[in-house]
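# Topology and contacts: notes
Residue-level listing of the chains:
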Amino acid sequence: MSRPTSPEKRVKKKRTTAIKSTVVFDAAKKKKKSVPKKIKPVLKKKKLPRIFTGIWQEFLQPFWYVFRYHFWITLISILLSIAILGSAYEVNDIVFKDLPSVNDLMARKPILTTKILDRNGELLYEIYKDQNRTLIPLSQVPPDLIHATIAIEDQNFFDHKGVSLRGIIRAARNSIQGKRLEGGSTITQQLVKNTLLTPERTVKRKIREILLSFMVENTYSKNEILEKYFNQVAYGGSTYGVEQASERYFGKSALKLSLAESAFLAGLPEAPSIYSPFSGTPEFAYSRQREVLRRMVEDKYTTPEQAKSAEAEVLHFRTDATDIKAPHFVMYVKNLLEKEYGEALVS
């Protein structure tokens with residue numbers, strides 16, 4: 001039989017037990033800590049080649065950031081860029097693609113007429129196909145004809161740089177008011193259209209005409225443009241150039257034209273078939289002549305008295321017929337020329 005223990009001994013025993021249990025727990029805990037943990041292997045990400053990394057960092061990543069946080073601004077910018085690029089392509093196709101060079105204006109040789117003369121210089125026959133033309137320098141064009149042409153065709157010729165805004169406005173105003181229709185094109189524009197471009201009426205051709213007119217004005221002098229115009233412009237039928245027109249209608253050189261005759265010729269280029277003296281409506285031709293004289297007075301190229309005297313002058317026109325003198329000799333010379341130079345060059 002065991003002895004009963006005193007209360008003090010019981011307490012002491014409990015404390016000893018507690019201490020032992022604590023020590024045991026701590027020892028177990030330490031033992032547990034000492035067990036090494038299993039380390040999970042870390043999978044390394046595959047690195048992209050440097051070139052792709054550089055493209056992403058320099059180009060794509062900033063764009064992605066902007067697109068992500070500024071969506072609408074980025075979308076509008078992209079659409080505007082596409083519109084600008086599309087417009088640039090259309091402008092290049094309409095304006096600059098196959099655009100003629102302004103150097104061709106003077107370098108290009110116009111079609112000329114072959115003239116057969118006798119030993120005294122008298123004209124026997126003229127050989128031409130579509131355009132009957134004789135070239136002359138500007139110094140052989142009379143001042144009255146120059147002033148008449150500028151007054152009726154291009155009032156601001158010496159002031160503009162290829163295109164006259166005032167001329168366009170005046171033509172539009174007259175059209176709205178129901179007055180006589182006017183083109184509004186300058187002398188430079190007419191020269192460009194007849195020499196470098198086709199006569200088709202399209203927006204594309206008009207844009208090119210305006211651009212080339214500016215370029216021509218920056219390349220050539222006003223006198224060079226006038227000389228080329230007077231040798232190029234059509235005066236009705238196969239008659240081209242002012243010298244041939246003077247011979248055709250009045251049987252004289254352009255330098256010998258009077259004020260009345262100059263005003264008459266200046267009015268022809270706008271509509272030769274209507275204003276021709278050989279048409280069925282000669283009153284239109286004289287009405288056009290009076291309009292030219294009125295413009296000349298308005299621009300102070302002539303006086304009212306001189307204009308009135310020119311209106312009263314009776315014009316004598318050369319008959320509308322093809323003359324051939326010494327036909328056998330002419331045909332003989334024509335055959336010789338065709339054998340030597342070819343039919344295309346002679347005619």
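These lines cover the structure that appears in this document, whether it is placed above or below. (Residues numbered from 1 in each chain as written. Predicted model: local features only at pLDDT ≥ 70, side-chain atom pairs only at ≥ 80, totals over all residues. Heavy atoms only, no water.)

### Considerations on the overall build of the chain
Selection criterion: Labels follow the DSSP assignment, with helices taken as runs of H or I lasting at least four residues and strands as runs of E lasting at least two, numbered in each case from the N terminus. Relative accessibility thresholds used throughout: buried, under 20% of the residue-type maximum; exposed, over 50%; partly exposed, between the two (1.4 Å probe, protein chains only). Note on definitions: a residue-residue contact is assigned when non-hydrogen atoms from the two residues lie within 4.5 Å. All accessible areas in this document rest on Shrake-Rupley with a 1.4 Å probe, and a residue is counted as covered only by the protein chains that are shown.
A tally of helices and strands in the chain yields 16 helices and four strands. Looking at the 347 residues of the chain, the share that counts as buried comes to 33%. Residue pairs at least 24 apart in sequence account for 65% of intrachain contacts in the chain once pairs closer than 6 positions are excluded. Summed over its atoms, the accessible surface of the chain is roughly 24000 Å², and 60% of this surface lies on carbon and sulfur atoms.

### Section: the side chain of threonine 302
Positionally, threonine 302 belongs in the loop between helix H13 (282–298) and helix H14 (304–312). By relative accessible area, threonine 302 is classed as buried at 10%. If sequence neighbours within four positions are ignored, threonine 302 has contacts with Leu259, Met296, Val297 and Ala307.

### Some words on the side chain of arginine 295
The following threshold applies: Polar contacts here mean pairs of N or O atoms no more than 3.5 Å apart (in protein, one a potential hydrogen donor and the other a potential acceptor; neighbouring residues in sequence count only if both atoms are side-chain atoms).
Residue position: arginine 295 is located in helix H13. From its side chain, arginine 295 meets the backbone oxygen of alanine 151 in a polar contact 3.2 Å long.

### Quick look at a nonpolar patch on the surface
For clarity, the cut-off: To count toward a patch, a residue needs a relative accessible area above 30% and no salt bridge. Like charges then connect within 9 Å, nonpolar side chains (Val, Leu, Ile, Met, Phe, Trp, Tyr) within 5 Å. Each reported salt bridge corresponds to a side-chain nitrogen of Lys or Arg within 4 Å of a carboxyl oxygen of Asp or Glu.
Side chains of Phe63, Ile78, Leu79 and Ile82 sit close together on the surface and give an oily, nonpolar patch of about 380 Å² of accessible area. By residue number, the principal contributor to the nonpolar patch is helix H3 (residues 71–96), which donates three residues. We classify isoleucine 82 as exposed; its relative accessible area is 53%.

### A closer look at the pattern of salt bridges
What the rule picks out here adds up to nine salt bridges. Close ionic contact of arginine 205 with glutamate 209 constitutes a salt bridge, the shortest N to O distance being 2.1 Å. Of the two residues, arginine 205 and glutamate 209 are both situated in helix H8 (residues 203–219); the distance of four residues between them amounts to about one turn of the helix. For arginine 205, a relative accessible area of 9% corresponds to the buried category. The residue arginine 288 makes a salt bridge to glutamate 270 at a minimum N-O spacing of 2.8 Å. Here arginine 288, found in helix H13, pairs with glutamate 270, found in the loop between helix H11 (259–266) and helix H12 (272–275); they are 18 residues apart in sequence, far enough to count as distant. Connected through shared salt-bridge partners, Glu291, Arg294, Arg295 and Glu298 make up one network.

### Observations concerning the packing of helix H5 (residues 143–153) against H13
To keep things clear, this is the line we draw: Axis definition: a line fit to C-alpha positions, over the contact stretch in the case of helices; interaxial angles, taken between N-to-C directions, run 0 to 180 degrees. Should an angle fall under 35 degrees it is called roughly parallel, over 145 degrees roughly antiparallel, and 65 to 115 degrees roughly perpendicular, with every other angle called oblique. Any residue that is not Ala, Val, Leu, Ile, Met, Phe, Trp, Tyr, Cys, Pro, Asp, Glu, Lys or Arg is counted as polar, Gly included; the first ten are nonpolar and the last four charged.
Look at H5 against H13: their axes get within 8 Å of each other, and the N-to-C directions meet at 95°. Judged by the inter-axis angle, H5 sits roughly perpendicular to H13. Where H5 abuts H13, its residues Asp144, His147, Ala148, Ala151, Ile152 and Glu153 lie against Arg288, Glu291, Val292, Arg295 and Met296. Looking at the contact of H5 with H13 residue by residue, the classes come out as five nonpolar, one polar and five charged.

### Quick look at the packing of aromatic side chains
Where we set the bar: Paired rings are identified among Phe, Tyr and Trp, the last through its six-membered ring, by centres lying within 6.5 Å, and are further divided according to the angle between planes into stacked (under 30 degrees), edge-to-face (over 60) and tilted (the rest). Charge-over-ring contacts are defined here by two conditions on Lys NZ or Arg CZ: a distance within 6 Å of the ring centre and an angle within 35 degrees of the ring normal.
Summed over all chains, the structure comprises eight aromatic pairs. Judged by centre distance (5.1 Å) and plane angle (75°), the rings of phenylalanine 157 and phenylalanine 158 are edge-to-face. Taken together, the ring pairs in this structure connect Tyr249, Phe250, Phe264, Phe278, Tyr286 and Phe317 into an aromatic cluster. The ring of tyrosine 249 has arginine 248 lying over it, and the distance from NZ or CZ to the ring centre is 5.6 Å.

### Digging into H3
Quick reminder of the rule: Expected helix span is computed as 1.5 Å times (number of residues minus one).
For H3, spanning 26 residues, the distance from its first C-alpha to its last is 36 Å, which sits close to the expected 38 Å at 1.5 Å a residue. One or two residues past the end of H3 sits aspartate 98, with phi positive at roughly 60°.

### What to know about the packing of H3 against H8
Angle between the axes and distance between the axes are the two parameters that describe a pair of packed helices. As a packed pair, H3 and H8 sit with axes 8 Å apart at the nearest point and diverge in direction by 75°. As the angle between them shows, H3 and H8 are arranged roughly perpendicular. In this structure, H3 contributes Asp93, Ile94, Val95 and Phe96 to the contact, and H8 contributes Lys204, Ile207, Arg208 and Leu211. Residues belonging to the contact of H3 with H8 are distributed by class as follows: five nonpolar, no polar and three charged.

### Section: unusual backbone geometry
With glycine set apart, most residues show a phi of negative sign, and most peptide bonds adopt trans. For lysine 300, which is not glycine, the phi torsion reads 65° and is therefore positive. Mapping lysine 300 onto the fold places it in the loop between H13 and H14.

### Thoughts on the environment of serine 258
With respect to the helices and strands, the residue serine 258 is situated in the loop between helix H10 (242–250) and H11. Between the alpha carbons of serine 258 and alanine 310 there is a distance of 8.4 Å; along the sequence they are 52 residues apart. At 3.2 Å, the side chain of serine 258 forms a polar contact with the side chain of glutamate 313.

### Quick notes on the environment of isoleucine 136
Residue placement: isoleucine 136 occurs in the loop between strand S3 (132–133) and H5. What makes isoleucine 136 buried here is its relative accessible area of 7%. A C-alpha to C-alpha distance of 8.5 Å links isoleucine 136 and valine 242, two positions 106 residues apart in sequence. Ignoring anything within four residues of it in the chain, the contact list for isoleucine 136 reads Val141, Glu227, Asn231, Val242, Glu243 and Ala254.

### What to know about H13
Between its first and last C-alpha atoms H13 spans 25 Å; for 17 residues at 1.5 Å apiece the expected length is 24 Å, and the two agree. Three or more residues of H13 are buried, namely Ala285, Arg288, Gln289, Glu291, Val292, Leu293, Arg295 and Met296. In the segment just after H13, lysine 300 is the residue with positive phi, at about 65°.

All quantities given are derived from atomic positions and should not be read as evidence of function.
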